[in-house]
Amino acid sequence: RLSYDAEGFMECYLVDPNADVLGGVIEQEACKEIIEKMNDRQRYAVTSYYVDKMPQDEIGKEMGMSQQAVAALIMRTVTKIKWDGKREQKYDSF
């Protein structure tokens, strides 16, 4: 689902000479780390919803869950990501 190929990455920055290449690499690595921390269900639901733009009811059908259960799974996952990020920032400031 998520591609980290260098060719496609560079193409997007060649189109916009003002693009922040280092910032893009850092952001890409941060996303990769976050995704790797998710379990398979979380990863599928979150990437299907945010990356593939699939509706929650369709994700639910593929996962054998209701739309409400998918929404709750996505919300719990995003909340955990935010909480983990805040906790890391707190310890990075020392």
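Residues numbered from 1 in each chain as written. Predicted model: local features only at pLDDT ≥ 70, side-chain atom pairs only at ≥ 80, totals over all residues. Heavy atoms only, no water.

## Things to note about helix 4 (residues 56-63)
Move 1: What helix 4 keeps buried is the set Q56, I59 and G60. One side of helix 4 carries all its buried residues, which in axial view fall inside an arc of 100 degrees. Residues of helix 4 that are exposed and point more than 90 degrees away from the buried face comprise K61 and E62. (Buried < 20%, exposed > 50% of the residue type's maximum accessible area, 1.4 Å probe, protein only. Helix = DSSP H or I, 4+ residues; strand = E, 2+ residues; numbered from the N terminus. Arc of directions from axis to C-beta.)

## Some details on the side chain of T47
Move 1: Mapped onto the elements, T47 comes out in helix 3 (residues 40-50).
Move 2: Among the residues examined, T47 registers a relative accessible area of 5% and is labelled buried.
Move 3: Separated by 2.6 Å, the side chain of T47 and the backbone oxygen of R43 make a polar contact. (Polar contact = N/O pair within 3.5 Å; in protein donor to acceptor, adjacent residues only side chain to side chain.)

## Describing the packing of aromatic side chains
Move 1: One pass over the full model with this rule turns up 1 aromatic pair.
Move 2: Judged by centre distance (4.9 Å) and plane angle (80 degrees), the ring pair of Y49 and Y50 falls under edge-to-face.
Move 3: The class for Y49 is partly exposed, based on a relative accessible area of 30%. (Phe/Tyr/Trp six-rings, centres within 6.5 Å; stacked < 30°, edge-to-face > 60°.)

## Description of the confidence of the model for the protein
Move 1: When pLDDT is averaged along the protein, the result is 77, and 66% of the positions lie at 70 or above.
Move 2: Per-residue pLDDT, averaged within each element of the protein, yields its smallest value for helix 1 (residues 6-15) (43) and its largest for helix 4 (97).
Move 3: Low pLDDT, under 50, characterises residues 1-15; the predicted model gives this stretch 20 contacts beyond four residues in sequence or across chains. (pLDDT = per-residue confidence, 0-100. Contact = heavy atoms within 4.5 Å.)

## Here we look at the environment of V78
Move 1: Relative to the helices and strands, V78 resides in helix 5 (residues 67-92).
Move 2: The partly exposed category is assigned to V78, whose relative accessible area is 23%.

## Some remarks on the nonpolar core
Move 1: Of all hydrophobic cores here, the largest spans 7 residues; its members are A45, M54, I59, M65, V70, L73 and I74.
Move 2: For this core, the leading source of residues is helix 5, giving 3 residues.
Move 3: Filtering out sequence-adjacent residues up to four positions away, L73 remains in contact with R41, Q42, A45, M63 and M65. (Core = buried A, V, L, I, M, F, W, Y, C linked by side-chain atoms within 4.5 Å.)

## With respect to the side chain of Q42
Move 1: Note on placement: Q42 falls in helix 3.
Move 2: The exposure class assigned to Q42 is buried, which follows from its relative accessible area of 17%.
Move 3: Sequence-distant contacts of Q42, that is, excluding residues within four places in its chain, are made with L73 and T77.

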